[in-house]
Amino acid sequence: MRLHLIDGTFELFRAHYARRPPRLSPSGRDVKGTVGVVSTLLRLLEDPYDEVTHLAVAFDNPVDSFRNRLFSGYKSGDGLDDAVTSQFDLVEEAVEALGIVVWSMDEYEADDALATGAARWRDEVDQVCILSPDKDLGQCVDDAHGVVQFDTVRRRVIDAQGVRERNGVDPESVPDWLALVGDTADGIPGIPGFGRKTASVLLGHYRTVDAIPDDPEAWPKEIRGVARLAATLTAMRDEAALYRKLAVLVTDVPMTESLDELRWRGADREKFERVSARVGGFGVNPRRWR
């Protein structure tokens, strides 16, 4: 049995900005993203090769979380397109109408919910597949427990070796890697001067930022400009610790569902038809109803 955990916020933005014509509801509301998410989920559920039985979709609603209180520069909902944010409640309603468990995150982020689901049920299933290309979710990948990422853009499975190829570090070092190089998507600045290669070499040796020595003479010889980089890191240890804290995903988000409640039993016909009428039709209907 496989458990599929889906980054709904990513899928909403991807569908909204896809190179397809705009989609307006009968009331003139932009619903392109919502319609796209529903179509994506129905394709997943009806894929004869994937055998999807248990799944949940996590959304950021709103975008802000506890991390915004830790760091003012962290990503927020400021400046986001109203055409997308106005669909946050609608897309959750549509996914619930499909009979899929929705995790609507407020204090935490959608990625925290996905990380929690992976940690909670990885020993009860054959595989946990996290459907998102986000780099920070690489820290959840665990070959020993069958946890993988699936990059929904490039259509490829990312196991521990895939994380190493993408980030240059083992999954457990991903938060430290992001602390050094930064993450523009999440508003993590990183430490000046530390590029992907330098961070990968350092963490390949020391695993964590805390374990990197202040003395540049102890650093790997292949790193250039070690004196300057070591001095920068020494002066910014507090910032590096904060950035790492921002990058570490929460694995104990309070969620009440059991694994059995994540089993897909079909769409709710009444709810689905009601949402479908509001968006002007999804163009496709579920093949299975409760």
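Everything below is about the structure shown above.
Description of the structure in this document. (Residues numbered from 1 in each chain as written. Predicted model: local features only at pLDDT ≥ 70, side-chain atom pairs only at ≥ 80, totals over all residues. Heavy atoms only, no water.)

### Regarding the pattern of salt bridges
Here is the rule: A side-chain nitrogen of Lys or Arg and a carboxyl oxygen of Asp or Glu constitute a salt bridge if their distance falls within 4 Å. For every residue, the accessible area obtained with a 1.4 Å probe (protein chains only) is divided by the maximum for its type, and the residue is called buried under 20%, exposed over 50%, and partly exposed between those limits. Working definition: helices are DSSP H or I runs of at least four residues, strands are E runs of at least two. Numbering for both runs from the N terminus.
For the structure shown, the criterion picks out 18 salt bridges. Arg-164 serves as the salt-bridge partner of Asp-170, at 2.5 Å between the closest nitrogen and oxygen. By relative accessible area, Arg-164 is classed as partly exposed at 34%. For Asp-170, the salt bridge identified is with Arg-207, shortest N-O distance 2.7 Å. Highlighted residues: Asp-170 in the loop between α7 (160-167) and α8 (174-181) and Arg-207 in the loop between α9 (196-206) and α10 (226-235), separated in sequence by 37 residues. Judged by its relative accessible area of 15%, Asp-170 falls in the buried class.

### Focus: the sheet that holds strand β5 (residues 147-151)
Where we set the bar: Strands are labelled as partners when DSSP assigns at least two bridges between them. Axis definition: a line fit to C-alpha positions, over the contact stretch in the case of helices; interaxial angles, taken between N-to-C directions, run 0 to 180 degrees. Only heavy atoms enter the contact rule, under which two residues are in contact if any of them lie within 4.5 Å.
Spatially, β3-β2-β1-β4-β5-β6 is the arrangement adopted by the six strands of the open sheet, whose pairing is mixed. Looking at which strands have only one partner, the edges of the open sheet turn out to be β3 (101-105) and β6 (156-158). Strand-to-strand twist in this sheet, taken as the mean axis angle between neighbours without regard to direction, amounts to 25°. In this structure, strand β1 (residues 2-7) lies alongside strand β2 (residues 54-60), joined through five bridges in parallel fashion. Residue pairing in the sheet places Ile-6 in a bridge with Val-57 of β2. Along the sheet, helix α6 (residues 110-121) contacts β1, β2, β3, β4 (127-131) and β5; its crossing angle with β1, the most-contacted strand, is approximately 170°.

### Brief notes about unusual backbone geometry
One can expect most non-glycine residues to show negative phi and most peptide bonds to be in trans. Residue Pro-62 is reached from Asn-61 by a cis peptide bond, and omega for that bond is 10°. Within the secondary structure, Pro-62 sits in the loop between β2 and α3 (67-70). Positive phi, normally seen in glycine, also occurs at Arg-155, with a value near 55°. The residue Arg-155 is located in the loop between β5 and β6 in this model. Backbone geometry at Arg-207 places phi at a positive 70°, although glycine is not the residue there.

### Topic: the side chain of Asn-167
Its location among the elements puts Asn-167 in helix α7. Residue classification places Asn-167 among the buried positions, given a relative accessible area of 2%. Not counting residues up to four positions away in its chain, the partners in contact with Asn-167 are Lys-135, Trp-177 and Ser-200.

In short, geometric facts, not functional conclusions.
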